[in-house]
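Below are the chains, spelled out letter by letter.
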Amino acid sequence: VPPTAAVKFISAGTAACIADLCTFPLDTAKVRLQIQGEVRIPRSTSTVEYRGVLGTLSTMVRTEGPRSLYSGLAAGLQRQMSFASIRIGLYDSVKQLYTPKGAESTGLAARVLAGCTTGAVAVTCAQPTDVVKVRFQANGALLDGARRYSGTVDAYCTIAREEGVRGLWRGTLPNIARNAIVNCGELVTYDLIKDALLRAQLMT
């Protein structure tokens, strides 16, 4: 019996959360490297603080403690439960909506449309969590007196209060464009390969 849409939705979100727990320090290191030069790094104002992935991780542990590697984790998990659940968990259901009634198989166009749709909807729903996650990850790179957020909930409230509710959706359009393409590349390719393997009976 095929799993229901609800089972796929929850399974996709849970799997993404587990993956995020394992890779979150790398994501935090990526953000710190990306914003380097935009903020004053603690304890170093004259030299480049972060050098490479391992150097960034070790510097963060040394200057901010091991917990800094998981700064913004709550927002990251919220993002995965809302983002991955929609873009992956609802892909099959949306694909069926685009498949003409009576069709023997789903065409490439329906798969691409489903990938774009779930990717765009997922980003629209999850964008506030993504904004807070990145802001919170970058927050630790500021000097103590300049740090703006004391926690994840405080970050949501501060952004909404100071920048308006629209501030939580900052960067949505480029993120939609990016994730629609990524979703098509990942899910459509996976879907086509899976169908090819099943037709060839290589999985039985």
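Not measured: the values here are computed from a predicted model.

## Brief notes about the overall build of the protein
A count of helices and strands for the protein gives 7 helices and 0 strands. For the protein, the α and β elements follow one another from N to C terminus as α-α-α-α-α-α-α. If you take every contact in the protein between residues at least 6 apart in sequence, the share linking residues at least 24 apart comes to 71%. Total accessible area on the protein stands at roughly 11,600 Å², and carbon and sulfur atoms take up 64% of it.

## Concerning the environment of A5
Its place among the elements puts A5 in helix α1 (residues 5–35). As a C-alpha pair, A5 and S93 span 88 residues in sequence and 6.8 Å in three-dimensional space. With residues near it in sequence (within four places) discarded, A5 still touches G89 and S93.

## Comments concerning the packing of aromatic side chains
Inspection of every chain in the model, using the stated rule, returns 1 aromatic pair. The interplanar angle of 10° and the centroid separation of 6.1 Å between the aromatic rings of F24 and Y70 together place this pair among those described as stacked. Of the two residues, F24 is situated in helix α1 and Y70 in the loop between α2 (52–64) and α3 (73–87); the sequence distance between them amounts to 46 residues. When its relative accessible area of 0% is taken as the criterion, F24 is described as buried. Classification of Y70 by relative accessible area gives partly exposed; the value is 35%. Just above the ring of F83 sits the side chain of R79; from NZ or CZ to the centre is 4.5 Å.

## So, the packing of helix α4 (residues 91–98) against helix α5 (residues 108–139)
Look at α4 against α5: their axes get within 8 Å of each other, and the N-to-C directions meet at 130°. Compared by their axis directions, α4 and α5 come out oblique. Pair α4 / α5 crosses with right-handed handedness. Touching Y91, V94, K95 and Y98 of α4 are A110, R111, L113, A114, G115, T117 and T118, all from α5. Partitioning the contact of α4 with α5 into residue classes produces 6 nonpolar, 3 polar and 2 charged.

## Here we look at the nonpolar core
Soluble globular proteins: nonpolar side chains tend toward being buried together. Core analysis: the largest hydrophobic core is formed by 9 residues, namely A75, V131, V132, F136, Y149, A155, Y156, I159 and L168. Secondary structure elements with two or more residues in this core: α5 and α6 (152–163). Among all residues touching F136, those that are not within four sequence positions of it are S71, G72, Y149, S150, G151, T152 and A155.

## A few points about a nonpolar patch on the surface
On the surface, L26, L33 and V53 cluster together into a nonpolar patch covering about 230 Å² of accessible area. Inspection of the secondary structure assignment puts V53 in helix α2. Here V53 falls in the partly exposed class, since its relative accessible area comes to 41%.

## What about the pattern of salt bridges?
Under the criterion given, the structure shown has 13 salt bridges. When the shortest N-O distance is used, the salt bridge between R111 and D191 registers 2.8 Å. Pair noted here: R111 is in helix α5 and D191 is in helix α7 (residues 172–199), with a separation of 80 residues, a long-range link. Exposure remark for D191: the relative accessible area of 1% places this residue in the buried category. Connected through salt bridges with shared partners, the residues K8, D92, K95, R111, D191, K194 and D195 form a single ionic network.

## Examining the confidence of the model for the protein
Chain-level pLDDT for the protein is 87 on average; 89% of the residues reach the 70-or-more range. Here α2 is the element of the protein with the lowest mean pLDDT, 90, and α3 is the one with the highest, 94. Note that pLDDT drops below 50 for residues 43–47; the model gives that stretch 4 contacts with residues more than four away or on any other chain.

Procedures and definitions
Along each chain, the written sequence defines residue order, and numbers are assigned to residues from 1. With the structure being a predicted model, the display of local features is reserved for residues of pLDDT at least 70 and the display and counting of side-chain atom pairs for 80 or more, all residues being used for whole-chain, interface and lining totals. Neither water nor hydrogens contribute to the side-chain values; these are computed over all heavy atoms in the structure. Secondary structure elements follow DSSP: runs of H or I of four or more residues count as helices, runs of E of two or more count as strands, with numbering from the N terminus. We call two residues in contact whenever any of their non-hydrogen atoms come within 4.5 Å of each other. Using the Shrake-Rupley algorithm and a 1.4 Å probe, accessible areas are obtained, with residue cover drawn only from the displayed protein chains. Pairing of aromatic rings covers Phe, Tyr and Trp, the last counted by its six-membered ring, and requires centre-to-centre distances within 6.5 Å; plane angles under 30 degrees mean stacked, over 60 mean edge-to-face, and any other angle means tilted. Note on classification: 1.4 Å probe, protein chains only; a residue is buried when its accessible area is under 20% of the maximum for its type, exposed when over 50%, partly exposed between these limits. As a reminder, the over-ring test applies to NZ of lysine and CZ of arginine, requiring each to be within 6 Å of the ring centre and within 35 degrees of the ring normal. Axis lines are fitted through C-alpha atoms, for helices just across the contact stretch, and the angle between N-to-C directions can take any value from 0 to 180 degrees. Working definition: roughly parallel below 35 degrees, roughly antiparallel above 145 degrees, roughly perpendicular at 65 to 115 degrees, and oblique for all remaining angles. For any pair of crossing helices, the crossing counts as left-handed if the nearer helix is rotated counterclockwise from the farther one by less than a right angle, and right-handed if it is rotated clockwise. Lys, Arg, Asp and Glu make up the charged group, whereas Ala, Val, Leu, Ile, Met, Phe, Trp, Tyr, Cys and Pro make up the nonpolar group; the residues left over, Gly among them, are polar. Residues enter a nonpolar core if they are buried and are Ala, Val, Leu, Ile, Met, Phe, Trp, Tyr or Cys, with the set joined through side-chain atoms within 4.5 Å. Patches here are clusters of residues that have more than 30% relative accessible area and form no salt bridge, with a 9 Å joining cutoff for like charges and a 5 Å cutoff for nonpolar side chains (Val, Leu, Ile, Met, Phe, Trp, Tyr). Whenever Lys or Arg places a side-chain nitrogen within 4 Å of a carboxyl oxygen from Asp or Glu, that contact is recorded as a salt bridge. Known as pLDDT, the predictor's confidence for each residue is given on a scale from 0 to 100.

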